[in-house]
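Commentary on secondary and tertiary structure
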Amino acid sequence: MANAHAVEIGGLTKLYGGTRALDGVSLTVEEGEIVVLLGLSGSGKSTLLRHINQLDLPTEGSVRVLGEDVATLRGKGLRSLRSRVGVVFQQFELVGSLSVLENVLTGSLARLRGPRLGTWMYPRELRTTALGHLERVGLAGREHQRADTLSGGQQQRVAIARALMQSPEILLADEPVASLDPESSQQVMDLIREIGRERGLTVICSLHQIELAMSWGDRLVGLRAGKVVLDTPTSGIDKASVMKIYSAVAPAASLESELEALQHASVGSIRAAAS
Ligand SMILES: Nc1ncnc2c1ncn2[C@@H]1O[C@H](COP(=O)(O)OP(=O)(O)OP(=O)(O)O)[C@@H](O)[C@H]1O
Ligand SMILES: [Mg+2]
C-alpha cells in the first residue's frame, strides 16, 4: 500500500489473564524512523514488539505493519510480513554449535525451500551476501568460528548480520544490549543505528538504559504499566524532562526507586525496583 506508515498501532490492549500488559497503546512510526521504547521491567516493551510481527495477538485494538492488518494474516501472508520484519533479541538466539557463517545464512531460510545442513547447501550468492554482512558488522574473517566461542557483543553482531539476510524493511530489537558490558553495548547500539540509517530501515528498539536511550534514536517512546507516557523527538531532550514525564504519572511512593533504577539501568536493579 502506498504511503502507509511503517507501523500504525491503534488502541492496542493486551490482557494476560488479569495482567494488563498493554493498555490502549496508540503509536505511529514512519518509514525510516529510529525509535527507542524505554520502560521499566514489566512495562510492556516486549509485548508491544511481539504484536508487530504477530508473535502475539491483540485483545483489543489494531496493528498495521507495512500496510498489512497484522492480526488477520495467516500462512503465506504472515510469512511474507515476518520476512519483512527482522528481529534481534536480548539473548542473541544463535545456534552455538554452528559456525558464524551458517548462523547468518539461516536468516535467509524463509526464502529457500527445505532444510539446509552446512554452508555449502546454500546458493553461492547467498554465501557471498552473508560474508558481506559479516564484514559490515565487523566480523570479517570470523566466518568459520563456532558461534558459541564469540564474545557477547560479537554474537549480537552475528545476530544483526543474520537479520540483514532477510533484507528487512523494519528491524525490531528487544533489549539487544541488556546482557552486554557498557562498551560493547555502545558499539552494538551504534552499529544498529548506522545500519538502520544506511538502509533506510525503520528501527524500533527497546532499552532499559536511559542514557543510551536519550542519545541514540530519533524519537523516544516511554512505556509505563502498558501505557505510552512519553513520546518525544530525541533532539534537544534532557534527562530532567524524561524524568519529569515519568514522575508525572508515577505514584509518589515508588517514584524515587524507579528513577534510581532508570539511572543506574542494570537489569537487576530495575527488576527489583519494579517488583
Ligand atoms: N505470555 C505471558 N503470559 C502472562 N503474562 C505475561 C506474558 N507476557 C508478558 N506478560 C506480563 O505482561 C507485562 C508486560 O511484560 P513485558 O514482557 O512486555 O514487559 P517488558 O517491558 O518487556 O519487561 P522487561 O524489561 O523485563 O523485559 C508483565 O506484567 C508480564 O509479566
Ligand atoms: Mg522485555
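Each value, and the rule that gives it
Within each chain, residue numbers correspond to sequence positions counted from 1 in written order. Chains and ligands are labelled sequentially in the order written, the chains with letters from A and the ligands with numbers from 1. Per-residue local features of the predicted model are confined to residues with pLDDT of at least 70, and side-chain atom pairs are confined, for both listing and counting, to 80 or more; whole-chain, interface and lining totals are unaffected and use all residues. Excluded from the side-chain calculations are hydrogens and water; all other atoms, namely the structure's heavy atoms, are used. Only protein chains enter the accessibility calculation, which uses a 1.4 Å probe; a residue whose area is less than 20% of its type maximum is buried, one above 50% is exposed, and one in between is partly exposed. A run of H or I in DSSP becomes a helix once it reaches four residues, and a run of E becomes a strand once it reaches two; helices and strands are each numbered from the N terminus. One heavy atom within 4 Å of a molecule or strand is enough for the residue carrying it to be called near that molecule or strand. Any pair of nitrogen or oxygen atoms within 3.5 Å is treated as a polar contact; in protein, a donor-acceptor pairing is required on top of that, and neighbouring residues in sequence qualify only through side-chain atoms on both sides. For accessible areas, the Shrake-Rupley method is used with a probe of radius 1.4 Å. Any residue's cover is judged against the shown protein chains and nothing else. Distance thresholds for patches are 9 Å for like charges and 5 Å for nonpolar side chains (Val, Leu, Ile, Met, Phe, Trp, Tyr), applied to residues having over 30% relative accessible area and no salt bridge. Put simply, a salt bridge is a Lys or Arg side-chain nitrogen that is within 4 Å of an Asp or Glu carboxyl oxygen.

For the rest of this paragraph, the subject is helix α1 (residues 45-52). The element α1 is extensively covered by neighbouring structure, given that 6 of its 8 residues are classed as buried. Considered for burial, the residues of α1 that qualify are Lys45, Thr47, Leu48, Leu49, His51 and Ile52. Two residues or fewer past α1, glutamine 54 is found with a positive phi of approximately 55°.

Our next topic: the site of ligand 1. Taken together, 15 residues lie near ligand 1, and Ser41, Gly42, Lys45, Ser46 and Thr47 sit nearest. Separating an oxygen atom of ligand 1 from a side-chain N or O atom of serine 41 is a distance of 2.6 Å. Histidine 208 is positioned such that a nitrogen or oxygen atom in its side chain is 3.2 Å from an oxygen atom of ligand 1. Summarising the interface, the protein chains cover 65% of the accessible area of ligand 1, which totals 630 Å² for the free molecule. Sorting elements by how many residues they give to the shell around ligand 1 places α1 first, with 4 residues.

It is worth spelling out unusual backbone geometry at this point. A positive phi angle is found at glutamine 54, which is not glycine, with a value near 55°. Relative to the helices and strands, glutamine 54 is located in the loop between α1 and β4 (60-65). Under the relative-accessibility criterion, glutamine 54 is labelled buried at 12%.

Together, Leu117, Trp120 and Met121 make up a nonpolar patch on the protein surface, roughly 380 Å² of accessible area in all. Along the polypeptide, methionine 121 turns up in the loop between α3 (100-105) and α4 (124-136).

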